[in-house]
Every structure is written in structure tokens, then in C-alpha cells.
Amino acid sequence: MIELTHIEKRFGDNIVLRDISVLLPESTVTALVGPSGGGKSTLLRCINLLETPTFGKIRVGSEEIELTPDRKLGWKSIQSLRRQTGMVFQSFQLFPHRTAIGNVMEGLVTVLKWPADKARKRAIELLEKVGMAHKADAWPATLSGGQQQRVAIARALAPSPRVLLCDEPTSALDPELAEEVVDVLSQLARENTTMVMATHDLRLASRVANKVLFLDGGLIVESGEPREIFASPQQERTKKFIASLS
Ligand code: ADP
Ligand code: MG
């Protein structure tokens, strides 16, 4: 499980996350929704220390790190926390000079030092899971956006992270291609993959998430089940945001 305790993040004088404490249980999917600039990506990136919180405590599984501005984190502790997580980006970010299967194998071989045949076997399993085994030898540039994102999901899952973090995984895709990615994420959710996703795709959030956190101005303004939040938001800011999307 993931626990964030009193997380604050500042960029200079700009306080972007304000005292966020939240528990994200194992085998659940949490969607971070809310207006642009609300802090969704920053919160997601704090979980794997792509951003260093200014204050607060992060626990992912058994790895725990406490941050204060005067404490410089060692590369070792960053790595051991980061290895508990896999990340999927809006813009896929596949290695262009690796085939689909090469992308999925890369971290297993270079970081985890798996032998190539073991990595290949794992990669094929994952490409099958995301419906991309038939494109194992294709180059990223020859794949559609939806196909690239499915390979990126397979790559993120390869080292069996405790949590899959997705930042706007469908936002760069046309609706039809977004749908293939939503299908894959919703299959992973059914298989009890722990996920946290920042998204303004309410369809994705309502199909996949167990819980929605509505983030605005660096605060969790409201949280609850997708149905509750989307059908009957309680807070003014949430109401306004939901109304602006429909
Ligand atoms: P969201 O993902 O909800 O759109 P972000 O987390 O990207 O929001 O941004 C929250 C706020 O943090 C914004 O005001 C943004 O300008 C600021 N911010 C994000 N990343 C940086 C950065 N690297 N440096 C300075 N400010 C940043
Ligand atoms: Mg964002």
C-alpha cells in the first residue's frame, strides 16, 4: 500500500501541494482529477520521487522516506523506492531505437540484470496481456498512439512494481485509441493491480477507479467513489469542474 503523510511541495514560493495525507490501499485504483495546474502530476511524481516533496513522508510497501528541506536523499533510497513503482506518461516515451519487445525487456536486462531469454519470456507475457504480442518486433514509430501506450504499460509492469502510476495515460489519444488503453487499464484493475492515475478523462476514472481524489490548488477538496463524486459532488469547486466538462 501507499501512504502519503503531510506532503507539501513548493517550487520556489509557489506552494503546489498543501499538506496532503492519503492512504492508497493495495489492489485499488485511485484517480486524481481536477483542473489543470491543480497538482495532479506533481502528486503522482512525488510518489516515485521524480519530484522531491519539500516536506512529508512517503511509504510504498515497505519502503519509507521522510523528507525535509535540509535532508538530501541518497540515490540508493531514491532507487529502492522508485523500484516499487512503474510509470506511464501521457506521451508514451518509448525508446525509439528499441522494438516493442525491446522496450519491455530493456529495464529487466539493464537494471535488474536478468538474462535475455528470461526477460524475453516475461516481455512476451506482458505484450500478450496488453494485446500487443503480434507487434513484438515492431518499431515504436510504426505503431499507433494507442499501441505505443499499451507497450508503455507493458514496459512499466515488467519489473512487477507494487504500483502503476499513470499520468494522463489517454490524453494524447483520439477517442477510439483512448478506448483500447482504457480497456487495458480496466483489465489490469480487474486483476487487482494497484494503480494511481492523474486524468481528466472522467470516462477512464469512472470505469477504472475505486476512488477519486479531486485536487484543486494543491488540496484534496473532495474524495469518494467515482459515482458519488461525478453524480453528486458536494463541494462548489468540484461541482463547477464537473459541470465544465459536460
Ligand atoms: P496538474 O497535473 O494538475 O495540471 P501540475 O502538478 O502539473 O498540475 O502543476 C501544479 C502547479 O505546479 C502548477 O502551478 C505548475 O505550474 C507548477 N509546477 C509543476 N511543475 C513545476 C516545475 N517543475 N517547476 C515549477 N513549477 C511547477
Ligand atoms: Mg498534469
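Conventions used here
Residues numbered from 1 in each chain as written. Chains lettered and ligands numbered in written order. Predicted model: local features only at pLDDT ≥ 70, side-chain atom pairs only at ≥ 80, totals over all residues. Core = buried A, V, L, I, M, F, W, Y, C linked by C-beta atoms within 7 Å. Buried ≥ 20, exposed ≤ 12 C-beta atoms within 10 Å, placed from the backbone. Helix = DSSP H or I, 4+ residues; strand = E, 2+ residues; numbered from the N terminus. Contact = placed C-beta atoms within 7 Å. Axes fitted to C-alpha atoms, helices over the stretch in contact; angles between N-to-C directions. Parallel < 35°, antiparallel > 145°, perpendicular 65-115°, else oblique. Left-handed = near helix turned anticlockwise from the far one by under 90°. Nonpolar A, V, L, I, M, F, W, Y, C, P; charged D, E, K, R; others polar. Near = placed C-beta within 6 Å. UniProt positions renumbered as here; feature names shortened; annotations may be inferred. Pairing = 2+ DSSP bridges.

Enquirer: Describe the nonpolar core, with residues and values.
Expert: Core analysis: the biggest nonpolar cluster contains 66 residues, and Leu32, Val104, Leu127, Ala154, Met195 and Val196 have the highest contact counts within it. In terms of residues, this core owes the most to one element, helix α6 (residues 175-190), which gives seven residues. The residues touching Met195, leaving out its near neighbours within four places in the chain, are Val29, Val163, Leu164, Cys166, Leu188 and Ala189.

Enquirer: Help me get a handle on the packing of helix α5 (residues 145-157) against α6, residues and values and all.
Expert: Running from N to C, α5 and α6 cross one another at 20°; their axes reach a closest spacing of 8 Å. In terms of their interaxial angle, α5 and α6 are classed as roughly parallel. For the pair α5 and α6, the crossing hand works out as right-handed. Residues Gly145, Gly146, Gln149, Arg150 and Ile153 of α5 touch α6, and the partners they reach there are Leu177, Glu180, Val181 and Val184. A per-class count over the contact of α5 with α6 returns four nonpolar, three polar and two charged.

Enquirer: Could you give me a rundown of the site of ligand 1, with the residues and numbers involved?
Expert: All residues adjacent to ligand 1 are Phe11, Asn14, Val16, Ser36, Gly37, Gly38, Gly39, Lys40, Ser41, Thr42 and Ala198. Every element with two or more residues in the shell around ligand 1 is listed here: β2 (14-24) and α1 (40-47). Looking at the shell around ligand 1, the element that brings in the most residues is α1, giving three residues.

Enquirer: Mind laying out the UniProt feature "domain: ABC transporter" (unreviewed entry) in the chain, listing which residues take part and the relevant values?
Expert: In this structure's numbering, the residues bearing the UniProt feature "domain: ABC transporter" (unreviewed entry) are residues 2-242. Annotated as residues 2-242, this span is 37% helix and 26% strand, and its ends, taken at the C-alpha atoms, are 27 Å apart.

Enquirer: A description of the sheet that holds strand β8 (residues 195-198) should follow, citing residues and the corresponding values.
Expert: The sheet built from six strands is open, its strands ordered β6-β7-β8-β3-β9-β10 with mixed pairing. Strands with a single pairing partner mark the edges of an open sheet, and in this sheet they are β6 (85-88) and β10 (219-224). Neighbour to neighbour, the strand axes of the sheet diverge by 20° on average, direction disregarded. With five bridges joining them, strand β9 (residues 211-216) and β10 adopt antiparallel strand pairing. By the bridge assignment for β10, Asp216 is matched with Leu219.

Enquirer: Outline the sheet that holds strand β4 (residues 55-60), listing residues and values.
Expert: The antiparallel open sheet is built from four strands, whose spatial order is β2-β1-β4-β5. The outermost strands of the open sheet, each flanked by one partner alone, are β2 and β5 (63-67). In this sheet, adjacent strand axes meet at a mean angle of 15° when their direction is disregarded. The pairing of strand β1 (residues 2-11) with β4 spans five bridges and is classified as antiparallel. Its bridge partner lying in β4, Glu8 is registered against Phe55. Relative to β5, helix α2 (residues 75-82) is tilted by about 130°, and along the sheet it contacts β4 and β5.

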